[in-house]
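Descriptive analysis of the structure
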Amino acid sequence: MSNNPTPIVNIGGPSGVGKTSVLRALLERIPSARRLVTTTSRQKRSNERDGVDYFFVTEKEFKERIAAGRLLEYYYFPQRQAYYGVEWQRLKDLLAQQVLILSAIEVHGWRALRATYPEALGIYLLPENEDQIRQQYLARDPRMSPEALAERLAASAAELAEGKPEYVIHVVNAPNRLEKTIDEVYATIAKIFPQFVQ
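Residues numbered from 1 in each chain as written. Predicted model: local features only at pLDDT ≥ 70, side-chain atom pairs only at ≥ 80, totals over all residues. Heavy atoms only, no water.

**Quick notes on the overall build of the protein chain**
Here is the rule: Secondary structure elements follow DSSP: runs of H or I of four or more residues count as helices, runs of E of two or more count as strands, with numbering from the N terminus. The globule rule is 2.2 Å times the number of residues to the power 0.38, and the radius of gyration it is compared with is taken over C-alpha atoms. Type-normalised accessible area, obtained with a 1.4 Å probe on protein chains alone, sets the label of each residue: buried when under 20%, exposed when over 50%, and partly exposed for intermediate values. Only heavy atoms matter for contacts: two residues are in contact if any of them lie within 4.5 Å across the pair. A 1.4 Å probe and the Shrake-Rupley method give the accessible areas. Residues count as covered only by the protein chains that appear here.
A count of helices and strands for the protein chain gives seven helices and nine strands. Against the compact-globule benchmark of 16 Å for 198 residues, the protein chain has a radius of gyration of 17 Å, which places it among compact chains. Seen along its three principal axes, the alpha-carbon backbone of the protein chain occupies a region of about 50 × 40 × 30 Å. Taken across its 198 residues, the protein chain has 47% of its residues classed as buried. Expressed as a percentage of contacts within the protein chain between residues at least 6 apart in sequence, the contacts between residues at least 24 apart total 66%. Carbon and sulfur atoms make up 49% of the accessible area of the protein chain, which totals about 10600 Å².

Here it is as structure tokens:
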């Protein structure tokens, strides 16, 4: 990497592996870090805040942004029946602030981000095994049907197979070791972007 690499860190991983938990902890630990909030057409959950977790728009609004060229990248997830994407202006605004940018975009977005900013740092979280992901899904929704669970696990396995090869750095986030995972990710960021981690 050059002496002034683009200060972007993406935390990747399959659904249910703990990306959001790691991202939130890093934002608390690194005062100069800001989250790159993505835009989605899915419905907002009761525990989510617009502009904090996602920017929530309608499908029509999302398609209008695509047509207007406002998105660096976007992808339609059939399982979720929703679009997700990164808006150019939001990323440019953060870069102008000269802060450390943290994101947790999916593999399709990571490819586009890396193509535009090849010095961005990608860290991929891995589960210890499939049962860890199963338990996470059931903790989120104890009433999930066996069919729905099987579908989610298949999607997670596909995400893992597609995403893992796209990252050089892998960190296993095993059950009951979240703090150790956060420490490991933090140490990696501190090595690459020491100017942002005091």
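Structure's up, so let's keep going.
**Things to note about the sheet that holds strand β8 (residues 121-126)**
Basically, it comes down to this: At least two bridges found by DSSP between two strands is the condition for calling them paired. Lines fitted to the C-alpha atoms define the axes, with helices restricted to the stretch that makes contact. Angles between their N-to-C directions range from 0 to 180 degrees.
Strands sit in the order β2-β7-β1-β8-β9 across an open sheet of five strands; the sheet is parallel. This sheet does not close on itself; its edge strands, each paired only once, are β2 (33-35) and β9 (169-172). Across the sheet, the axes of successive neighbouring strands diverge by a mean angle of 25 degrees, strand direction being ignored. Pairing geometry for strand β1 (residues 8-12) and β8, over four bridges, is parallel. Paired with Gly12 across the strands is Tyr124, a residue of β8. Against the sheet, helix α3 (residues 88-96) makes contact with β1, β2 and β7 (100-103), and its axis sits at roughly 145 degrees relative to β7, the strand it touches most.

**Remarks on the pairing of strand β6 (residues 82-87)**
Along any regular strand the residues' side chains alternate between the sheet's two faces. Taken across its six residues, β6 has six buried, putting it largely inside the fold. Neither face of β6 is open: one carries Ala82, Tyr84 and Val86, the other Tyr83, Gly85 and Glu87, and all of them are buried. Sheet topology places strand β3 (residues 39-40) next to β6; two bridges connect them, and they run antiparallel. Across the sheet, residue Thr40 finds its bridge partner in β6, namely Tyr84. For strand β5 (residues 71-77) and β6, the ladder comprises six bridges, and the chain directions are antiparallel. Note that in β6 the partner of Tyr74 across the bridge is Gly85. Between β5 and β6, which pair antiparallel one after the other, the connecting turn spans four residues, and Gln81 there sits at a positive phi close to 50 degrees.

**Regarding the pattern of salt bridges**
To keep things clear, this is the line we draw: One side-chain nitrogen of Lys or Arg within 4 Å of one carboxyl oxygen of Asp or Glu is enough to make a salt bridge.
Going through the model one piece at a time under the given rule, you end up with 18 salt bridges. Between Arg80 and Glu159 there is a salt bridge; the shortest N-O distance is 3.5 Å. One end of the pair, Arg80, is in the loop between β5 and β6; the other, Glu159, is in helix α6 (residues 146-163), and 79 residues separate them in sequence. We classify Arg80 as partly exposed; its relative accessible area is 28%. Judged by its relative accessible area of 16%, Glu159 falls in the buried class.

**Quick notes on the confidence of the model for the protein chain**
We count it as follows: pLDDT is defined as a per-residue confidence score from the predictor, taking values between 0 and 100.
Scored by pLDDT, the protein chain comes out at a mean of 92, with 97% of its residues at no less than 70. Across the protein chain, element-level confidence peaks in strand β4 (residues 55-56) with a mean pLDDT of 98 and bottoms out in helix α5 (residues 130-140) with 86.

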